[in-house]
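Working through the structure, step by step
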Amino acid sequence: MSKTKRLTMSQALILYLANQYVERDGKENAFFAGVWGIFGHGNVAGVGQALQQYADKIRYYQSRNEQSQVHTAVAYAKMKNRLQTFACTSSIGPGATNMITGAAVATVNRIPVLLLPGDIFAERIQAPVLQQLESEHSQDISVNDCFKPVSRYWDRISRPEQLITSLPEAMRVLTSPAETGAVTLALPQDTQTEAYDYPIGLFEKRVWRIPRNRPDAAFIQQAAEWIRASKKPMIVAGGGVHYSEANAVLQAFVDKTGIPIGESQAGKGSLPYNHPLNQGAIGATGTEGANILAREADLIIGIGTRYSDFTSASKTAFQNPDVRFININVAEFDAYKHHALPLVGDARVTLEELSAALGDYQVDSDYRARAQAYDAQWDAEVERIYNLERGPLISQGEVIGVVNTLSRPQDVVLCAAGSLPGDLHKLWRTRDPKGYHLEYGFSTMGYEIAGGLGVKMAAPERDVYVMVGDGSYLMLNTEIVTMVQEKLKVIIVLLDNHGFASIGGLSKSVSSDGFGTKYRYRTESDHLDGDTLPIDYAANCASLGAHVIRASNRDDLADALREAQAHEGGPVCIVIEVDRRQRVGGYESWWDVAVAEVAESASVQEAREDYEKAKAREQYYL
Ligand SMILES: Cc1ncc(C[n+]2csc(CCOP(=O)(O)OP(=O)(O)O)c2C)c(N)n1
Ligand SMILES: [Mg+2]
């Protein structure tokens, strides 16, 4: 008989998590930086007791909202290139379902996070317990089943010994570059407290080695042939470049070959913004140069990209009739997209092998020069928008410019939803690979402040600038309290434009005149078109414990940022009203948003005609 240790299921779980490590390139670290949690009857006596017992082994963090604790964990893991994350515990019912949005963020963005929602009793005599969803066709259903489609691994631990086989699977998925995302272990409250004689081997230190897998050698040779045969190749860099830490190898590859690159939201910062071949943003929110080059390219080399509709401009970005794709991706699923030649492997080692196979291939000098000219033109366009100064209110582009200019290269800008992501994608001058943090896989309003907390925890030596719209701020802002509690400085720049500039603009573009997108009183006409709602964001932030600065113009904003930089030990919130009408336009791009096929309004009918014309450019890549 091997040795055993008698523990509750929760104690065994927490002890196991404290002993999991990862290693890549010879660097080793604990995989879990801690456990976030909000307690209720579904986890207080089980997981809560275990966290107290093992407080010296793994740190507990208190959040304000179960959704935001998952955002914090995801942002942390993204900043750590997926090599470290948190576990998140909740009670049953609403505490659990609050984490579902967070689970989707993790899974859509391919970021590891371990979710531990409490679950209804496994025993059942107590049913229906407070917050239980009853089902007339099964007793084996709870709200935690809702995690299934948004988890890469899902299990319910109904007997304590099930942990022994489930935990290694959970870790395999969390640490798998190709499969990672949310992992959910639903924990019935009674099982959490049940004791079992666990084999002590379960609690030994375990190091999960993160592989750098290499593609099929013959595929590499073929890819090299395709590149040599191409006249206008282009690279689309995605988040995989960062997660693989392939930035330096990519830069060497681009310098050597002269192939220009465009960056997706997740891939921005793959190369410094001022690299002459880096066209910056590509796709629906792309730069002029990136989108013109993409349109003409006869070969697209996708590196670590999922080709979301924003990246592919809803499949209108690549118009060369002969265009073909080579996709470098750890996930077979992404590598095969667009009927590509799939190089299933880690970005860094695959690029090294491809570079060796290519020999001294270079694009012709005219093509390289053209790309460099676009790059210089774009820089001038950014400069123009940074200094628009139309007044009386400052524009969003200017705010981005002031924050960019006054932040240090290693600092991080963070955002997720609204009109800011598109503007940041185009305008932010990224100088450090981890300097740009956009959650644009799920584009979740409410990620911003919780995410900023996660990034700050992952990189305390950097300043973190959370740029957040008023709508997203109102959606979820309470992790400001956690920043106060943990004495962490995050600089929140809140751009108040009285509602949804993004969706308002979208609504106008489909001829619906911004219906339902402004923060205004209801009037006698029964529309929300009265006076602007009197929301005092500064007072709101201050009430949560943040240091607050009100700004109303460029000079104020610059002073406020300097004050924030000098501030220590807690969050700073700068509130500034911006001009909703001074928008940054699109550049050679399009995004498919379906327009009503029949409508009473003539302008909607016209919008539909335009839509159908634009839609005709959408391509299948076969
Ligand atoms: C949770 C969530 N609900 C709805 C949306 C759809 N949506 C995208 S942007 C947006 C408005 C954002 O408003 P704000 O943060 O003020 O930014 P602005 O559009 O004014 O730049 C909405 C409702 C979303 N992305 N996330
Ligand atoms: Mg707004």
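Residues numbered from 1 in each chain as written. Chains lettered and ligands numbered in written order. Predicted model: local features only at pLDDT ≥ 70, side-chain atom pairs only at ≥ 80, totals over all residues. Heavy atoms only, no water.

**Some details on helix α6 (residues 162-174)**
The end-to-end C-alpha separation of α6 is 18 Å, in line with the 18 Å expected for 13 residues at 1.5 Å each. Buried within α6 are the following residues: Leu-163, Ser-166, Leu-167, Ala-170, Met-171, Val-173 and Leu-174. The arc that holds the buried residues of α6, viewed along the axis, is 160 degrees, so those residues lie on one side. (Helix = DSSP H or I, 4+ residues; strand = E, 2+ residues; numbered from the N terminus. Expected span 1.5 Å × (residues − 1). Buried < 20%, exposed > 50% of the residue type's maximum accessible area, 1.4 Å probe, protein only. Arc of directions from axis to C-beta.)

**Re the packing of aromatic side chains**
By the definition in use, this model includes 18 aromatic pairs. Ring geometry for Phe-310 versus Tyr-440: centroids 5.0 Å apart, planes at 85 degrees, classification edge-to-face. Separated by 130 residues along the polypeptide, Phe-310 in the loop between β15 (299-303) and β16 (324-329) and Tyr-440 in the loop between β19 (436-438) and α17 (447-458) bring together distant segments of the chain. Overall, Phe-310 belongs to the buried group, its relative accessible area being 13%. (Phe/Tyr/Trp six-rings, centres within 6.5 Å; stacked < 30°, edge-to-face > 60°.)

**Thoughts on the coordination of the magnesium ion (ligand 2)**
Donor atoms from the polypeptide that coordinate the magnesium ion (ligand 2) comprise Asp-470 (OD), Asn-497 (OD1) and Gly-499 (O), at 2.0 Å from the metal. Each donor residue of the magnesium ion (ligand 2) lies on one chain, and together they are spaced D-x26-N-x1-G. One end of the pair, Asp-470, is in helix α18 (residues 470-475); the other, Gly-499, is in the loop between β21 (491-496) and α20 (501-509), and 29 residues separate them in sequence. The class of Gly-499 is buried, set by a relative accessible area of 4%. (Donors = N, O, S within 2.8 Å, 3.2 Å for Na, K, Ca; no water.)

**Comments concerning the sheet that holds strand β2 (residues 20-24)**
The strand order across the open sheet built from three strands is β3-β2-β11, with neighbouring strands paired in mixed fashion. At either margin of the open sheet sits one strand with a lone partner, and together these are β3 (27-30) and β11 (206-209). Averaged over all pairs of adjacent strands, the angle between their axes in this sheet comes to 30 degrees, without regard to strand direction. Note: β2 against β11, four bridges, orientation parallel. Considered in β11, the bridge of Tyr-21 is made with Val-207. (Pairing = 2+ DSSP bridges. Axes fitted to C-alpha atoms, helices over the stretch in contact; angles between N-to-C directions.)

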